Amino acid sequence: QAFEDVVGQEHVVETIKNQIINKKISHAYMFTGTRGTGKTTCAKILARAVNCDDPNNGNPCNKCDTRKGILNGSLPDVYEVYIIDEVHMLSTQAFNALLKTLEEPPEHIIFVFATTEINKVPQTILSRCQRFDFKRINVGDIAKRLKYVAECEKIKLSDSAAHLIAKLADGAMRDALSVLDRCINGSDTVTLETVENTVGICSYDELSAAVTAIADNDTAA
């Protein structure tokens, strides 16, 4: 809904919000980073914010008809912003065609590119974009967000369960939410054991017992 909902990317969010507040929007942005870190989410929030007549501290109001249309998907065209996800998959010919537009961009057009493989994007394209690197989100931030989401959904999520899901997510908020969704599965409580059973991993106690048995040469155990 707003830039504050983007977890662990404060360096990106604050810069973009300040640009919106000061009306100094770039004509092209390049969002790069691993999956599930908020690139496409930021692109969509940016699209709504620049189309908003009454932005609130850099965030879209999400109340006016145009912004609601963008938000719920009923508005098929957002003329002022073009979002190209996984832009590295464009062909060489497509990049060459895009380059001409980036060199002489129409004033009313903003491009937002997102990619997980920045090394595949031509330097000629990169040099004409304002680049933002999305970092892997740390375990603490992911766990905190999971607790917040669980609370909103009236789900009891233990601290240990949230921490384990956050570790399994490997820096990707989207992956963490996906695991949490699987763990809920109609229940209103998610414990450490729930996560271990859902994901299919051994518990700490089981691993400890196995290692101890190996160290003791206890083949039977």
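This text follows the structure it describes.
Let us look at the structure shown here. (Residues numbered from 1 in each chain as written. Predicted model: local features only at pLDDT ≥ 70, side-chain atom pairs only at ≥ 80, totals over all residues. Heavy atoms only, no water.)

Check the secondary structure of the protein chain and you find 10 helices and 6 strands. By the compact-globule yardstick of 17 Å for 221 residues, the protein chain is too spread out, its C-alpha radius of gyration being 22 Å. In terms of principal-axis extent, the alpha carbons of the protein chain reach across some 75 × 40 × 30 Å. Sorting the 221 residues of the protein chain into buried and exposed places 39% on the buried side. By sequence separation, contacts in the protein chain at least 24 residues apart represent 71% of the contacts at least 6 residues apart. Put simply, the protein chain shows about 12,800 Å² of open surface, and 50% of that area lies on carbon and sulfur atoms. The averaged location of the 30 negative side-chain charges in the protein chain is 6 Å from the averaged location of its 24 positive side-chain charges. (Helix = DSSP H or I, 4+ residues; strand = E, 2+ residues; numbered from the N terminus. Rg over C-alpha atoms; globule rule 2.2 N^0.38 Å. Buried < 20%, exposed > 50% of the residue type's maximum accessible area, 1.4 Å probe, protein only. Contact = heavy atoms within 4.5 Å. Areas by Shrake-Rupley, 256 points an atom, 1.4 Å probe, with all protein chains shown as cover. Lys, Arg positive; Asp, Glu negative; His and termini not counted. Charge placed at Lys NZ, Arg CZ, Asp CG, Glu CD.)

A separate point is the side chain of Gln9. Checked against the element boundaries, Gln9 lands in the segment before helix H1 (10-21). The buried category is assigned to Gln9, whose relative accessible area is 0%. For Gln9, the side chain forms a polar contact with the main-chain oxygen of Thr37, separated by 3.3 Å. (Polar contact = N/O pair within 3.5 Å; in protein donor to acceptor, adjacent residues only side chain to side chain.)

Attention shifts here to the nonpolar core. Ranked by size, the top nonpolar core spans 22 residues in total, and within it Ile142, Leu146, Leu157, Ile165 and Val190 carry the most contacts. Breaking this core down by element, the ones donating at least two residues are helix H6 (139-152), helix H7 (159-168) and helix H8 (173-184). With 6 residues, H8 is the largest single contributor of residues to this core. For Ile142, the contacting residues outside a window of four places in its chain are Ile137, Ala166, Ala169, Gly171, Ala172, Met173 and Ala176. Judged by nonpolar contacts, the second largest core, of 19 residues, contains Val6, Val13, Ile16 and Leu46. (Core = buried A, V, L, I, M, F, W, Y, C linked by side-chain atoms within 4.5 Å.)

Along the chain, Asn56 turns up in the loop between helix H2 (39-50) and helix H3 (65-72). In sequence terms Asn56 and Val139 are 83 residues apart; their C-alpha atoms lie 30 Å from each other.

For the rest of this paragraph, the subject is the pattern of salt bridges. Taken as a whole and assessed by the stated rule, the structure comprises 9 salt bridges. When the shortest N-O distance is used, the salt bridge between Glu104 and Lys100 registers 3.4 Å. Across the pair Arg131 and Asp133 runs a salt bridge whose closest N-O atoms are separated by 2.9 Å. For Asp133, a relative accessible area of 38% corresponds to the partly exposed category. (Salt bridge = Lys/Arg side-chain N within 4 Å of Asp/Glu carboxyl O.)

With that settled, the discussion passes to the sheet that holds strand S4 (residues 130-134). With respect to topology, 4 strands assemble into an open sheet ordered S2-S3-S1-S4, the strand pairing being parallel. Lying at the two open borders of the sheet, with one neighbouring strand each, are strand S2 (81-84) and S4. Across the sheet, the mean angle separating the axes of adjacent strands is 15° when strand polarity is ignored. In this fold H1 packs onto strand S1 (28-33) and S4, with an angle of close to 145° to the strand it touches most, S4. (Pairing = 2+ DSSP bridges. Axes fitted to C-alpha atoms, helices over the stretch in contact; angles between N-to-C directions.)

Turning next to the packing of H6 against H7. At their nearest, the axes of H6 and H7 sit 8 Å apart, and the two run at 125° to each other. As the angle between them shows, H6 and H7 are arranged oblique. Crossing angle aside, the handedness with which H6 passes H7 is right-handed. For the pair H6 and H7, contact is made by Val139, Ile142, Ala143, Leu146 and Lys147 and by Asp159, Ala162, His163, Ile165, Ala166 and Lys167, respectively. When grouped by side-chain class, the residues that make up the contact of H6 with H7 number 7 nonpolar, 1 polar and 3 charged. (Parallel < 35°, antiparallel > 145°, perpendicular 65-115°, else oblique. Left-handed = near helix turned anticlockwise from the far one by under 90°. Nonpolar A, V, L, I, M, F, W, Y, C, P; charged D, E, K, R; others polar.)

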